[in-house]
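Observations on the three-dimensional arrangement
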2 protein chains.
Amino acid sequence: MGEFDLIRRYFDPVAREQGHPDLRLALGDDCAILRVPPGRDLVFSMDTLVEGVHFPRAYPAERLAWRALAAAASDLAAMGADPVCFTLALTIPRSEERWLAAFAQGLSEAARSFGLALAGGDTTRGPLTVTLQVQGTVPQDQALRRDGAAVGDLIVVSGTLGDAAAALAYLDERSPSEDARALLARYHRPVPRLALGQALRGIASAAIDVSDGLGADLQHLLSRSGVGACLDLSQLPLSPALRRCRGPEASHLAWCGGDDYELCVTLPETGWHRLAPAVRAQLTPIGRVESKPGLRFQEGTPEPDGSAGFDHFRSEDG
Amino acid sequence: MGEFDLIRRYFDPVAREQGHPDLRLALGDDCAILRVPPGRDLVFSMDTLVEGVHFPRAYPAERLAWRALAAAASDLAAMGADPVCFTLALTIPRSEERWLAAFAQGLSEAARSFGLALAGGDTTRGPLTVTLQVQGTVPQDQALRRDGAAVGDLIVVSGTLGDAAAALAYLDERSPSEDARALLARYHRPVPRLALGQALRGIASAAIDVSDGLGADLQHLLSRSGVGACLDLSQLPLSPALRRCRGPEASHLAWCGGDDYELCVTLPETGWHRLAPAVRAQLTPIGRVESKPGLRFQEGTPEPDGSAGFDHFRSEDG
């Protein structure tokens, strides 16, 4: 099957199933056409997943598609954006119908779930790699950025942390326990916090998504804002499954583990009280922004190597 | 060197050197932020180049960066768009400083040359692959599309065709002739026809860029428009270097060869006469749109296998 037939057969239906009114032209031309509504800004982010680096070899195609789109959409959540569309650069060793059908199935589910229309992309032959660009919009000047954290702001995180990292130990388990299955679900089927990011617009002073590990991601946010923080790691939100499966290690995983796709947000105390109770219920305060750069720990100091997250090149070069 | 240091060292300068007023935030956050001016549409396209498939192994990094951005920007040219910005997903086997410095150098030259600001991206470890998304804007509803060709329209192509395909034979030549050097320049340093695309807005009825070969690309345009064409292949514009180097084969290369990044455009005869002489001088009429689907040839019928262009999967799957 040629490239064009292949695109048509598997990806046209994905584009048809989930459209978006702002997307005026998708697939089949040199470019897609998007009309950003007046008074809104476009925000966009690109993410790559490489086989053997970001996901295991022979990873099921359906899960791969979901994870790739979820990871990319998480960047939209961190900006407080309303999702619009995405492009897909799919590099595959050969055009295997079964694999492609499963990939399209996972992509379609994720696209519908996150409200992202497939706008275009490129299909090439080579080592399995998935690159996605997601695009969303926000009211002008209301995007949540990393550089707005102010001294005295609360630091809060959403959901629970460390589950996806803990799941790595169970990837090859043939009959995982119920707790292990709960952790595995966080790894295989992450859910970007899109609605939460939108609810934080106009209230949060800064935000970042936790993809490389809270320790690493929070430091990006603080250094972009030119501030530091004092944290109480005993407050890190841990799932019951994580506590039961990993005991004393749980807190370390929550601090260092990546792939949770939760949000880490700063906001003034007044903002915290203005949040709807249903929004506040998804967030846990873990510390406060301070003027002095760097991190201080009230309780639960992380292990010496615990401040670094996932860095694609560090293991080799540095 | 870690991923973040690497990005900072090599790509921050590229982003600083060539900005764009519509790009409100680039690099260093979860998303970039773009404000599309009122009355304009955003157009965007994604392209992947894989080592050993789209460019030879050990291809110089500087040339790779230029070619990748030129190929992507050519899709903006085909839409008649004004370039704005691009994102880069770079997958590399290891972070080699010399390679990265050369890649950044080529990228920077191309970015300045095409007026595209680096907005963001992702750097990962894996088999060498470059994915780029380019973004531009056009006045609302004025994007050149593939689906507007009308019966009776002239079919014209820009520049000369077949040069880049002919260059493949000279890639390993140690002291190529002057003619071969001219062909090699077309392959190594293609120039997207951005100004030409813009000049054709409001006049062309349809457009596509010639990346897979004129035969294949023209057929995409015609089939999207639901029409056919009668062509005179003796009119194909051939460079003197191509004629001299490849003689009777020249016309075949111009019909089937990819990577020229010229434009193939349809327009009504009245539009042809409205074009500024300097624009018309870049274009060669090669045929006319007809209602009957498919291609007819007045003169210079291509060889039987000559109607297909570059299709990433065809060689394997038929």
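Residues numbered from 1 in each chain as written. Chains lettered and ligands numbered in written order. Predicted model: local features only at pLDDT ≥ 70, side-chain atom pairs only at ≥ 80, totals over all residues. Heavy atoms only, no water.

Structural notes on the UniProt feature "binding site: Mg(2+) 4" (unreviewed entry) in chain A
This chain's UniProt record puts "binding site: Mg(2+) 4" (unreviewed entry) on A:Asp30, A:Ser45 and A:Asp75. With the annotated positions falling across 46 residues, the maximum pairwise C-alpha distance of 26.1 Å shows that they are not confined to a single cluster. Within the element layout of this structure, A:Asp30 appears in the loop between strand E1 (23-25) and strand E2 (32-34). A:Asp30 sits in the buried class, given a relative accessible area of 5%. Apart from residues lying up to four places away in sequence, A:Asp30 is in contact with B:Ser45, B:Asp75, B:Ala78, B:Met79, B:Arg146, B:Ala207, B:Ile208 and B:Asp209. Looking at the element boundaries, A:Asp75 is found in helix H2 (residues 61-78). If we ignore the near neighbours within four places in the chain, the residues touching A:Asp75 are A:Ser45, A:Asp47, A:Asp209, B:Asp30 and B:Cys31. (UniProt positions renumbered as here; feature names shortened; annotations may be inferred. Helix = DSSP H or I, 4+ residues; strand = E, 2+ residues; numbered from the N terminus. Buried < 20%, exposed > 50% of the residue type's maximum accessible area, 1.4 Å probe, protein only. Contact = heavy atoms within 4.5 Å.)

Re the packing of aromatic side chains
Under the criterion given, the structure shown has 12 aromatic pairs over all chains. Aromatic pair A:Trp99 and A:Phe103: ring centres 5.2 Å apart, planes at 15°, arrangement stacked. Placement of both A:Trp99 and A:Phe103 in helix H3 (residues 97-114) is noted, with a separation of 4 residues, approximately one turn of the helix. Exposure class is identical for A:Trp99 and A:Phe103. Each is buried. Relative to B:Tyr59, the ring of B:Phe55 has its centre 6.2 Å away and its plane inclined at 50°; by these criteria the two rings are tilted. For the pair formed by B:Phe55 and B:Tyr59, the shared burial category is buried. The ring centre of A:Tyr187 lies 4.0 Å from the NZ or CZ of A:Arg67, which sits over that ring. (Phe/Tyr/Trp six-rings, centres within 6.5 Å; stacked < 30°, edge-to-face > 60°. Lys NZ or Arg CZ within 6 Å of the ring centre and 35° of its normal.)

Looking at the confidence of the model for chain A
Averaged over chain A, the pLDDT score is 92; the fraction of residues at 70 or greater is 93%. Of the regions scoring below 50 in pLDDT, residues 306-318 of chain A engages in 44 contacts with residues more than four places distant in sequence or in other chains. (pLDDT = per-residue confidence, 0-100.)

Here's the deal with the interface of chain B and chain A
Counting from both sides, the interface comprises 74 residues of chain B and, opposite them, 74 residues of chain A. In this assembly, chain B packs against chain A so that about 6,100 Å² is buried in total across both faces, 54% of it on carbon and sulfur atoms. Scanning the region where chain B abuts chain A turns up 8 salt bridges. In this structure, the salt-bridge partner of B:Asp30 is A:Arg146, at a minimum N-O distance of 3.1 Å. (Buried area = accessible area lost by both parts, 1.4 Å probe. Salt bridge = Lys/Arg side-chain N within 4 Å of Asp/Glu carboxyl O.)

What about the packing of helix H2 (residues 61-78) of chain B against helix H3 (residues 97-114) of chain B?
Residue and element names in this part refer to chain B. At a minimum axis distance of 7 Å, the contact between H2 and H3 shows a crossing angle of 35°. With respect to the hand of their crossing, H2 and H3 are arranged in right-handed fashion. Residues Ala 61, Glu 62, Leu 64, Ala 65, Trp 66, Leu 69, Ala 70 and Ala 73 of H2 pack against Trp 99, Ala 102, Phe 103, Gln 105, Gly 106, Leu 107, Glu 109, Ala 110, Ala 111, Ser 113 and Phe 114 of H3. By residue class, the composition of the contact of H2 with H3 is 14 nonpolar, 3 polar and 2 charged. (Axes fitted to C-alpha atoms, helices over the stretch in contact; angles between N-to-C directions. Left-handed = near helix turned anticlockwise from the far one by under 90°. Nonpolar A, V, L, I, M, F, W, Y, C, P; charged D, E, K, R; others polar.)

Focus: the domain arrangement of chain A
All names here are of chain A. On domain assignment, one finds that chain A holds domain 1 (3-139) and domain 2 (154-308). A C-alpha centroid distance of 26 Å is found between domain 1 and domain 2. Each partner contributes residues to the interface: domain 1 has 25 residues there, and domain 2 has 17 residues. Taking both sides of the interface into account, the surface hidden between domain 1 and domain 2 amounts to around 1,700 Å²; carbon and sulfur atoms contribute 56%. Counting across the domain 1 and domain 2 interface gives 3 salt bridges. One salt bridge in this structure joins Arg 201 and Asp 82, with 3.2 Å as the shortest N-O distance. There are 11 residue pairs in polar contact (both at pLDDT 80 or more) connecting domain 1 and domain 2. (Domains from an automatic or database assignment. Polar contact = N/O pair within 3.5 Å; in protein donor to acceptor, adjacent residues only side chain to side chain.)

Quick notes on helix H7 (residues 214-225) of chain A
Residue and element names in this part refer to chain A. Compared with an ideal rise of 1.5 Å per residue, which puts 12 residues at 16 Å, H7 spans 16 Å between its outermost C-alpha atoms and is within 8% of the ideal. Of all 12 residues that make up H7, 9 are buried, and the element is covered over most of its length. Taken together, the buried positions of H7 are Leu 214, Gly 215, Ala 216, Asp 217, Leu 218, His 220, Leu 221, Leu 222 and Ser 225. The first or second residue beyond H7 is Gly 226, which carries a positive phi of 70°. (Expected span 1.5 Å × (residues − 1).)

Some details on the pattern of salt bridges
A complete count under the given rule lists 42 salt bridges over all chains for this structure. Between A:Asp147 and A:Arg145 there is a salt bridge, and its shortest N-O distance comes to 3.0 Å. Residue A:Arg145 is classed as partly exposed on the basis of its relative accessible area, which comes to 28%. A salt bridge links B:Asp163 to B:Arg186; the nearest nitrogen and oxygen atoms lie 2.8 Å apart. With a gap of 23 residues between them, B:Asp163 in helix H4 (residues 163-167) and B:Arg186 in helix H5 (residues 178-188) connect regions that are remote in the sequence. Comparing B:Asp163 with B:Arg186 shows no difference in burial state: the two are buried.

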